[in-house]
Structure formats: structure tokens, C-alpha cells
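# Summary of the model geometry
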Amino acid sequence: VGGTYTLHGNLYEETILYYPGQDGTGEKVKMLLELKNDTLAQTFPVDDNGQTDKSNYSVEKYIRLD
């Protein structure tokens, strides 16, 4: 997956330019990014205002290991 992105505060938006295996080309992905100490949290999907649908969203957390 690859494409172009914008970041406004903690609101991340990516436009997919290529997507192997499935046709996701041209789709836009929006998520909130939050970095605290050694942890990055990604919450998705979100709307244009960064709000989640409380009945349908996911959070991925990545922790830096030394």
C-alpha cells in the first residue's frame, strides 16, 4: 500500500495510489494518530472532524522496543 498523505494536528489522511492484490486505488483513509512516550496509537476510521463511529472503529497500538 502506498500513496500521498496529509497530517493536520493528529488527523492523518492518506490517498491510496497503489494497493496490491485488491483494488483500493483512489480510496482515502482517515485516522487519528496519538504519540505518548514510546507508544503510537492509530484510531480509524474517523470522519473529516476526527470523530469515530462509536459502534464501528478500531485502535492499533505500536510500542517501541529497545
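## Points about the sheet that holds strand β2 (residues 11–18)
Here five strands make up an open sheet; going across it, the order is β1-β2-β3-β4-β5 and the pairing antiparallel. Edge positions in the open sheet fall to β1 (2–8) and β5 (58–63), since each of these has one partner strand only. Averaged over all pairs of adjacent strands, the angle between strand axes in this sheet comes to 25 degrees, irrespective of strand direction. Sheet topology note: the strand β3 (residues 28–36)/strand β4 (residues 39–44) ladder contains five bridges and is antiparallel. In the sheet register, Leu-33 faces β4, and the bridge partner there is Gln-42.

## Let's talk about the environment of Leu-35
For Leu-35, the location among the structural elements is in strand β3. Under the relative-accessibility criterion, Leu-35 is labelled exposed at 65%. Taking the C-alpha atoms as reference points, Leu-35 and Pro-20, separated by 15 residues in sequence, lie 29 Å from one another.

## Topic: the packing of aromatic side chains
The full count for this structure, using the stated rule, is one aromatic pair. Summarising the aromatic geometry, the rings of Tyr-5 and Tyr-12 are spaced 5.6 Å apart at their centres and angled 25 degrees between planes, so their arrangement reads as stacked. The ring of Tyr-57 has Lys-54 sitting right over it, with the charged end atom 5.9 Å from the ring centre.

About the criteria used
Residues numbered from 1 in each chain as written. Predicted model: local features only at pLDDT ≥ 70, side-chain atom pairs only at ≥ 80, totals over all residues. Heavy atoms only, no water. Pairing = 2+ DSSP bridges. Helix = DSSP H or I, 4+ residues; strand = E, 2+ residues; numbered from the N terminus. Axes fitted to C-alpha atoms, helices over the stretch in contact; angles between N-to-C directions. Buried < 20%, exposed > 50% of the residue type's maximum accessible area, 1.4 Å probe, protein only. Phe/Tyr/Trp six-rings, centres within 6.5 Å; stacked < 30°, edge-to-face > 60°. Lys NZ or Arg CZ within 6 Å of the ring centre and 35° of its normal.

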